[in-house]
Amino acid sequence: MTRCIDLAKNGLGQTYPNPMVGCVVVYEDKIIAEGWHHRAGQAHAEVNAIEQIKDEDLIKNATLYVSLEPCSHFGKTPPCADLIVDKGFKKIVIGSIDPFAKVKGKGIQKLMANDCEVVLGVLEDECLDLNKRFMTFHNHKRPYIILKWAESQDGFLSPFEFGKDQHQNPVWLTNTYSKQLVHQWRSEEQAILVGTHTVLMDNPALTTRLWKGKHPLRVVIDKDLKIPNSAKIFSDEAQTLVFTAHQKSKFKTTEFCQIDFDQPVLPQLLNELYSRDIQSLIVEGGQATLQAFIDANLWDEARVFKSPKQLKVGTHSPHFKAQLFQKEQIVEDELKLFKPIK
């Protein structure tokens, strides 16, 4: 199952809206075939693995391991559960159950109804974590939310005070390698969000220009449409979605979504992203935007860069209570990963 998980990770950022899945076939304690799901609309992991088996006579005595429950419905591809049964597998080991309503136990039922031995829950926590975006989307009806910011050694996001200093050149706290890592993250997620203030101050492009990969959907909260049309966020190289209090027609690759700012904004925003099948969202906004997600308890992971630089004054970093679960050094920068305290 560890190998299934490792294989599945090859699909990170490529399989949306499908989950990442890995599969191996074992005969007499040796892997004889393996595969993973490469891209939505293409063959699933089980199909890719089974196609590698050179001698199908081995199947009746082989065990198929898969990180997620095999599908049981016709989508863009036929049901994997049917293929497993038709090929003659008698033992299937499954890491986690698929939360998608059209599957959710039905694949397991189909296998068991055809006299297959099914073993469940092997490395289940690891398999659930592998597809944390997919699981959150289907279980909580919203994207998986990653907060990201960089702060100085003394806890400031920027040397400028919010609402006082305008149109200043951005001050980079992190090094080149950290910035490239952030662009890799963007290529792995479906959407990235900032607020009006960040766009007016920094004029970010929010693309993956430092990493080869697909640009995320750029999401902006701009209540009163203060951002000029010349901003980089409206460039043609990626799609942009603006949440605003006003009606405005689409232009170039930018679409506007009118919401009620007299009501809580984030639930409306997340409901819209959910309706668009957006499973993951990086929040790279300023202090106010980040704090809003924290205060609403609408976040799943925080990625915080700690710079060796001292600022002494400016905008403080967000306040939050969280559990540190990983940290690493990126040259002189320290990267810390947090989860909410449950």
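Only a predicted model underlies this, so the values are computations on that prediction, with no experimental measurement involved.

A. Summary view of the overall build of the protein. Looking only at helices and strands, one finds 10 helices and 16 strands in the protein. Taking the principal axes of the C-alpha coordinates as reference, the protein spans close to 75 × 45 × 35 Å. Split into buried and exposed, the 342 residues of the protein put 52% on the buried side. Long-range pairs, those at least 24 residues apart, make up 67% of the contacts in the protein with a sequence separation of at least 6. Of the accessible surface of the protein, which amounts to about 16,800 Å², a share of 48% is contributed by carbon and sulfur atoms. Treating the 42 positive side-chain charges of the protein as one cloud and the 43 negative ones as another, the clouds have centres 4 Å apart.

B. Representation of the side chain of Ser317. Here Ser317 shows up in the loop between strand S14 (315-316) and strand S15 (322-330). Other than its neighbours up to four places away in sequence, Ser317 contacts Trp149, Glu151, Gly155, Phe156, Leu157 and Gln287.

C. Highlighting the UniProt feature "active site" (unreviewed entry) in the protein. UniProt tags Glu46 as "active site" (unreviewed entry). Checked against the element boundaries, Glu46 lands in helix H2 (residues 45-50). Beyond its immediate sequence surroundings of up to four residues, Glu46 is in contact with Cys23, Val66, Leu68, Pro70, Cys80 and Ile84.

D. Examining a negative patch on the surface more closely. On the surface, a cluster of negative charge is contributed by Glu124, Asp125, Glu126 and Asp129. With respect to the helices and strands, the residue Glu126 is situated in helix H5 (residues 124-130). Classification of Glu126 as partly exposed rests on a relative accessible area of 41%.

E. Molecular detail of the domain arrangement of the protein. Partitioning the protein into structural domains gives domain 1 (1-134) and domain 2 (142-340). On a C-alpha basis, the centres of domain 1 and domain 2 stand 35 Å from each other. Contact with domain 1, which involves eight residues of that partner, is made by 10 residues of domain 2. Where domain 1 abuts domain 2, roughly 850 Å² becomes buried across the two surfaces, and 48% of that area is made up of carbon and sulfur atoms. On the domain 1 side of the contact with domain 2, Tyr16, Lys132 and Arg133 bury the most area, a combined 62% of that side's loss. Scanning the region where domain 1 abuts domain 2 turns up two salt bridges.

F. Here's a closer look at the pairing of strand S4 (residues 91-96). Where burial is concerned, most of S4 is hidden: five out of the six residues are buried. With five bridges connecting them, strand S3 (residues 63-68) and S4 associate as parallel partners. By the bridge assignment, Leu68 is partnered in S4 with Ser96. In the sheet, S4 pairs with strand S5 (residues 117-120) via four bridges, with the strands oriented parallel. Paired with Lys91 across the two strands is Glu117, which belongs to S5.

G. Summary view of the pattern of salt bridges. Taken as a whole, this structure holds 13 salt bridges when the rule is applied. Salt-bridge contacts for Glu189 lead to Arg133; the nearest nitrogen and oxygen are separated by 2.7 Å. Of this pair, Glu189 sits in the loop between helix H7 (176-188) and strand S8 (191-195) while Arg133 sits in helix H6 (residues 132-140), and the two are 56 residues apart along the sequence. Between Lys148 and Glu284 there is a salt bridge; the shortest N-O distance is 3.8 Å. Pair noted here: Lys148 is in strand S6 (residues 144-151) and Glu284 is in the loop between strand S12 (280-283) and helix H10 (287-295), with a separation of 136 residues, a long-range link. Each member of the pair Lys148 and Glu284 is classed as buried. Overlapping salt bridges, with partners in common, bring together Lys132, Glu301 and Arg303 in one network.

H. Just the nonpolar core, in detail. Judged by nonpolar contacts, the single largest core of 29 residues is most densely connected at Ile145, Leu147, Leu193, Leu273, Leu281, Val283 and Phe293. Where this core is concerned, the elements lending two or more residues are S6, S8, strand S9 (217-221), strand S10 (240-244), helix H9 (265-275), S12, H10 and strand S13 (301-306). In terms of residues, this core owes the most to one element, H9, which gives five residues. With sequence-adjacent residues up to four places away left out, Val283 is seen in contact with Ile145, Ile146, Leu147, Lys148, Leu193, Thr289, Leu290 and Phe293.

I. Quick peek at the sheet that holds S5. An order of S2-S1-S3-S4-S5 is seen for the five strands of this open sheet, with the pairing classed as mixed. Either end of the sheet is taken by a strand with one partner, and the two such strands are strand S2 (30-36) and S5. Along the sheet, successive strands turn relative to each other by an average axial angle of 20 degrees, direction set aside. Taken strand by strand, helix H4 (residues 106-113) contacts S4 and S5, and its axis lies near 145 degrees from that of S5.

Scoring rules and cut-offs
Every chain is numbered on its own, with residues counted from 1 as its sequence reads. Restriction of local features to residues with pLDDT of at least 70 applies here, the model being predicted, together with a cutoff of 80 or more for giving and counting side-chain atom pairs; totals for whole chains, interfaces and linings are based on all residues. Remark: hydrogens and water are excluded; side-chain values derive from all non-hydrogen atoms of the structure. A run of H or I in DSSP becomes a helix once it reaches four residues, and a run of E becomes a strand once it reaches two; helices and strands are each numbered from the N terminus. Exposed residues in this analysis have more than 50% of their type's maximum accessible area, buried residues have under 20%, and partly exposed residues fall in between, with area computed by a 1.4 Å probe over protein chains only. When checking whether two residues touch, look at their non-hydrogen atoms; a contact exists if any pair is within 4.5 Å. In this description, accessible areas are obtained by the Shrake-Rupley approach with a 1.4 Å probe, and a residue is regarded as covered only by the protein chains that are shown. For this count, His and the chain ends are skipped, Lys and Arg are scored as positive, and Asp and Glu as negative. Lys charges are placed at NZ, Arg charges at CZ, Asp charges at CG and Glu charges at CD. UniProt positions are given in the numbering used here, feature names are shortened, and annotations may be inferred rather than shown by experiment. Patch membership requires over 30% relative accessible area and the absence of a salt bridge. Like charges are linked within 9 Å, and nonpolar side chains (Val, Leu, Ile, Met, Phe, Trp, Tyr) within 5 Å. One speaks of a salt bridge when a side-chain nitrogen belonging to Lys or Arg is within 4 Å of a carboxyl oxygen belonging to Asp or Glu. Domain start and end points were adopted from an automatic or database domain assignment. Summed over both partners, the accessible surface that disappears when two parts come together, traced with a 1.4 Å probe, is what is meant by buried area. Pairing between two strands is assigned when DSSP locates at least 2 bridges connecting them. Buried Ala, Val, Leu, Ile, Met, Phe, Trp, Tyr and Cys residues form a nonpolar core when they are joined through side-chain atoms within 4.5 Å. Angles run from 0 to 180 degrees between N-to-C directions of axes, and those axes are lines fitted to C-alpha atoms, restricted for helices to the stretch in contact.

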